Structure formats: C-alpha cells, structure tokens
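# Geometric and topological summary
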Amino acid sequence: MSLFRPLPLVAALSTAAALSLSAASALAATTVNLSYNGAPDPDKNAVHVFATNLKELVEEKTDGELELKLYPNSMLGEEQERMEQTMASPSLNIASFAGMSPIVPEVFVSAIPFLFKDFDDARSFFDEGAYWQAVKDDLEGRAGLELLAVVEEGGFLAFTNDKTPIAEPADFEGLRFRAMDPSQVALYEAFGASGTPIPWTEVYMALKTGVADGQMNPPMYIILGSLYEVQDYLTLANIQYSDQFLVGNASMINGWDEETQAAFREAVAEANQLAREHNQAKVDERIAYLEEQGMEVIRPSAEQLEAFRQQGQPAYLEWLKDQNIEQRYIDMALDDAGVELSGE
C-alpha cells in the first residue's frame, strides 16, 4: 500500500505548472565565461574591480537571464589563447595589447605617447573618436568579436628612476631603462637614454642591482611590484593611458533578444563608469602612498610636457610605420586627440 496520498487534480496541476516554470527559468539562465588577467584582488587589480561590477550588474539588469562566471589570473589561458576561445565560443574576455594586436595591430596607435592631457581626454578619445570606431569595426570584421569597453587598469604610465629627478627630456641623458617592448626602447632612445627589454618578473631585481636605472608603469604597478623600494623619483608625465579591452563573441551577443542585448550593454556602460571613478580615485591615493614611502614626485609643467611630446612622439610614429600600420589610422587618432605634430 502506498504511503503517499494522491494530490487533488487542481493541486497536482498547480504543482506541475510551478515545476514547469521553475524548469523554464533554469533553462532560461545562460552562463557566460569572462576571463581576464591578474589576481582577484580589488586592491591590486583594477580589471578585477570592473569584472566583479559587471557580473553583478549583468545579472541584475537581465533578471538573472545572463550569469557571468569569472576566470581571473588567466585561468583559461594566456592572451592569444583566450582570444581564440572568445572567437570560437560564446564568451567574454578582457584582453591586453598582447591579445588584441595580433588581430588588430592598429590598436598600437592608441598608445602613442603623450597623446592625452588627462582622463577626460583619453575617455572621449575612446568613447567618441572615429579612429576607435574603425578599430572596433576591424575587430568584428576580422575575428567576429565585438569590442565592448576600454577598461582602465591603473591610470597613466609614469617614469621612475633612482638617479635623478626627471622633469624634461634632457634629464634622461645617459640613463638605462627597463622597456616592456621595442616601442618603449624607441621612446627612451629618443630622449638620449637606452632601453633594454626586461620581463616584469625580473624588473625589481634589475632595478635593485643597477641593470636598469628606471622604468615606466602606472602607480598601481609600482606599488604592486614594490618598486618604490628601489626607485627614488616618480615623474608624472602622462606617458600613455593604461588600459585593457572587453571583447565578446559577436554571434553570441547578436543572438540574444533585443531586451537582453540592451540590458547587457547598459550593464557594461555602468560597470565601466564605476571602474573609471574607482580607478581615478585610487590613482591619487597611490601617488600619495608612494610619496609616503619616500619617493620624490615630479610634476612637469605644461611646457615640459610639451617638450616630452615633441621629442617622444616622432620616435613612436616611426616604430608604427615599421609595423606597417596604415597612415590613415594615425591621422584619425591624432585628429581625434586634437594633436598636431611638431612642424605641421
């Protein structure tokens, strides 16, 4: 004999309906992977701040229809591997120049040194400029990826060294600097210094032992690498805007209904605005922290910054030509930034 009494028909139908709705809700929820570099630490990784805000906002604005699963610390692979995954599967990725440049080498144009005076200049360049729209179109056309946001990762790059305060190009004469890539070597040489590519993991020891006298990075990375222990001077020259790039599989996004797409894009915009506010506030705090640790902070005048630009930009532009970047991208970028080259 059964120990369970049969439910009345109405109750049974109600229960079945509830179970059906529950199952439908479960089926409606779509999980999307979001991969990125760096530790899941908001104090050390500005990209993680953006990613966590984006996860919360996407799930809130889509009423749980979309769920983001975060993969920090390059858990799904290194830069190019993650880009290939995003091209081939319904996913999201926050890429650096190393991930973007094999597909759109034109992205290097956005790193022309001394292109922006401040955050407002940089943000309007990416939010409104014709050059950046062309890069976005190229990325989608070549790889089926939508470029969704430019994510700040720590402010502007600054020069550091342990020999002398640097306030103008002449102060570089004879110094040795760690370079991240050949474009940075060209920049240092334009100032009369030398540049040597050194991996990030070896930078601290290279500075400590005198293999290099200085380097350039945003304040966040100077703190992250404890470089203030082996560097005495910090020059805030707004060298380059430090950023990464949120990309998504375009077929995945276009496959969502209009309401879901709109909610997703709204979440991206809001998360990026929150990240910008957080980052800008932290930059000031980080500079103050570096001062507290004993670094002398040099803030070049407008005239000195202009001297850096006039001497440094031509070297980088020559490097861009060596990468076979079409001139039209450079022209668009300079126009968007309101920059006229020396002699023009």
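Scroll up for the structure.
The written sequence of each chain sets the order in which its residues are numbered from 1. In keeping with the model being predicted, local features are shown solely for residues with a pLDDT of at least 70 and side-chain atom pairs are shown and tallied solely at 80 or more, while totals for entire chains, interfaces and linings include all residues. The side-chain quantities take in all heavy atoms of the structure and omit both hydrogens and water.

### Digging into the side chain of asparagine 272
If you trace the backbone, asparagine 272 turns up in helix H11 (residues 258-292). The rule is simple: take the accessible area with a 1.4 Å probe, protein chains only, and divide by the maximum for that residue type; under 20% is buried, over 50% is exposed, in between is partly exposed. On the basis of relative accessibility, which here comes to 8%, the residue asparagine 272 falls in the buried class. Any pair of N or O atoms that falls within 3.5 Å is considered a polar contact. Within protein, one atom must be able to donate a hydrogen and the other to accept it, and sequence-neighbouring residues count only if both atoms are side-chain atoms. A distance of 3.2 Å separates the side chain of asparagine 272 from the backbone oxygen of valine 150, its partner in a polar contact. Among all residues touching asparagine 272, those that are not within four sequence positions of it are Phe50, Ala149, Val150 and Val151. Runs of E in the DSSP output that reach at least two residues are strands. Runs of H or I that reach at least four are helices, and both are numbered from the N terminus. Any two residues having at least one pair of non-hydrogen atoms within 4.5 Å are treated as being in contact.

### Structural notes on helix H5 (residues 119-128)
An α-helical segment advances 3.6 residues per turn. Residues three or four places apart therefore align on the same side. Those residues of H5 lying buried are Phe119, Ala122, Arg123, Phe125 and Phe126. Along the axis of H5, the buried residues cluster in a sector spanning 155 degrees; they form a single face. Across from the buried face of H5, at angles greater than 90 degrees, the exposed residues are Asp120 and Glu128. At its buried positions, H5 is contacted by helix H6 (130-143), strand S4 (145-156), strand S10 (241-249), H11 and helix H13 (327-337). The arc in question is formed by the directions pointing from the helix axis toward the C-beta atoms.

### Some points on the packing of H5 against H11
Geometry is summarised by axes, namely lines fitted to C-alpha atoms with helices restricted to the contacting stretch, and by angles between N-to-C directions that run from 0 to 180 degrees. The N-to-C vectors of H5 and H11 enclose an angle of 155 degrees; their axes lie 12 Å apart at closest approach. Taken together, the axes of H5 and H11 lie roughly antiparallel to each other. H11 is crossed by H5, and the crossing has right-handed handedness. Residues Phe119, Arg123 and Asp127 of H5 form the contact with H11, whose participating residues are Arg276, Asn279, Gln280 and Val283. In this count, Pro and Cys sit with the nonpolar residues alongside Ala, Val, Leu, Ile, Met, Phe, Trp and Tyr, while Asp, Glu, Lys and Arg are called charged and the others, Gly among them, polar. Across the contact of H5 with H11, the residue classes break down as two nonpolar, two polar and three charged. For classification purposes, an angle smaller than 35 degrees is called roughly parallel, one larger than 145 roughly antiparallel, one from 65 to 115 roughly perpendicular, and anything else oblique. Left-handed is the label given to a crossing in which the near helix is rotated counterclockwise from the far helix by less than a right angle, and right-handed is the label when the rotation is clockwise.

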